[in-house]
Amino acid sequence: MSRRWVAAAAAVAALVALACEAEPEPGQPVSPTPPSGDLPSSMAALGDSITAGYGSCVVLTSCRRNSWSTGDGFRVDSHYERIRQANPAMRGQAHNFAVPGARAAALADQAASAVDVGAQYVTILVGANDVCRPDVREMTSVTAFRAEIDRTLDVLRAGLPQAEVLVVSIPDLYHLWQIGHGEERVVRAWNRGVCPSMLADPTSTDESDVQRRALVRDRVEAFNTQLAEACRAYGDRCRFDGGAVHRVEFALDTLNQIDYFHPDADGQDILADVTYAASGLAN
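Just so it is clear, the structure is predicted and the values come from calculations on it, not from any experiment.

A.B. asks: Can you help me understand unusual backbone geometry in this one?
C.D. replies: Note: most peptide bonds trans; most residues except glycine with negative phi. We note that C195 has phi near 40 degrees; this positive angle belongs to a residue other than glycine. Its identity is not glycine, yet Y260 carries a phi of approximately 45 degrees, on the positive side. With respect to the helices, strands and loops of the structure, Y260 is situated in the loop between α10 (244-247) and α11 (265-279). When its relative accessible area of 4% is taken as the criterion, Y260 is described as buried.

Structure, rendered in structure tokens:
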């Protein structure tokens, strides 16, 4: 037999051996693609309109495919997409329970839904609606806000004791006023009733309006402090983003062009970047 035929026969034998190794014996289970690291295989998002992707699909409605947390669209590299790429078991296992307009008082019911689906990873972003009230006197008190966050975390601790929880800081609404109040198109949008406690009469320099904005700014900072402390009290399975989202200086071109308040798809992608880096899952 020629050397050429010997080499060919050896190559065929090698291919057959590889094929036999790749195919399990009949009746044997097929092993799934192993995940990269210790990543969750299901997740749930709790919160308000930001996490629901509100306003990120041109019109002012929820657009969950663009959610920074659970989005499955092509424009946002969400937590879900990043985890799914490394752990195929995550596919189709992202649940978004965020509701536009939700305040902290609504969060415990959302947490119960996360328990029902057995989520292994839970993201929480809430608080903007607790300060965005018609009047600063209607803002949720710091004590009440903390009580609702604790109640939510109690639901998760009892129902999902092994789940990883990410608590995200509230964006800087005062910065939003700073970058937008000099833009006529933005002022027109805000004057339709967008977050009046902070954004009503945005061009006014009256002392009462200056003080009003400062009260909202201080309340957001107080809420962020409570979010951090509540997460710390929860234990090792809770991570706070360390104020990362609050420090993001969103530009007007990362907000939707209707209300100039909610992030557009680019803004959602920024949120995904910042929050995923803080989640500990990227390590």
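A.B. asks: Please clarify how the sheet that holds strand β3 (residues 121-125) should be interpreted in this entry.
C.D. replies: Strands pair in a sheet through their backbones, by hydrogen bonds, and they do so in one of two ways: parallel or antiparallel. With respect to topology, 5 strands assemble into an open sheet ordered β2-β1-β3-β4-β5, the strand pairing being parallel. This sheet does not close on itself; its edge strands, each paired only once, are β2 (94-96) and β5 (238-240). Put simply, the sheet's adjacent strands are angled 15 degrees from each other on average, direction ignored. In this structure, strand β4 (residues 164-167) lies alongside β5, joined through 3 bridges in parallel fashion. The partner of V165 across the bridge, within β5, is C238. Contacts from helix α5 (residues 142-159) reach β1 (43-47), β3 and β4 within the one sheet, and its direction differs from that of β3 by about 175 degrees. Across the sheet, helix α9 (residues 207-234) is in contact with β4 and β5; its angle to β5 comes to roughly 155 degrees.

A.B. asks: Looking at this model, I keep getting lost on the packing of helix α2 (residues 79-86) against α11. Mind explaining?
C.D. replies: Axis angle and axis distance: for two packed helices, these are the angle between their axes and the distance between the axes, and together they describe the pair. The contact between α2 and α11 brings their axes to 9 Å, and the two run at 55 degrees. Put simply, α2 runs oblique to α11. Here H79, R82 and I83 of α2 lie close against α11, whose contacting residues are A272, D273, T275, Y276 and S279. A class-by-class count of the residues in the contact of α2 with α11 yields 3 nonpolar, 3 polar and 2 charged.

A.B. asks: What should I look at first to understand the state of the cysteines in this one?
C.D. replies: Joining two cysteines, a disulfide is a covalent bond between their sulfur atoms. Evaluation of the coordinates by the stated rule reveals 3 disulfides. Across the disulfide, C57 is cross-linked to C63 (sulfur-sulfur distance 1.6 Å). The same class applies to C57 as to C63, namely buried. Covalently, C132 is tied to C195 through a disulfide, its sulfur atoms 2.0 Å apart. Handedness here is read from the sign of the S-S torsion; for C132 and C195, about -80 degrees, the answer is left-handed. Of this pair, C132 sits in the loop between α4 (128-131) and α5 while C195 is found in the loop between α7 (184-190) and α8 (196-199), placing the two residues 63 residues apart along the sequence.

Conventions and cut-offs
- Residues numbered from 1 in each chain as written.
- Predicted model: local features only at pLDDT ≥ 70, side-chain atom pairs only at ≥ 80, totals over all residues.
- Heavy atoms only, no water.
- Helix = DSSP H or I, 4+ residues; strand = E, 2+ residues; numbered from the N terminus.
- Buried < 20%, exposed > 50% of the residue type's maximum accessible area, 1.4 Å probe, protein only.
- Pairing = 2+ DSSP bridges.
- Axes fitted to C-alpha atoms, helices over the stretch in contact; angles between N-to-C directions.
- Contact = heavy atoms within 4.5 Å.
- Parallel < 35°, antiparallel > 145°, perpendicular 65-115°, else oblique.
- Nonpolar A, V, L, I, M, F, W, Y, C, P; charged D, E, K, R; others polar.
- Disulfide = S-S within 2.5 Å.

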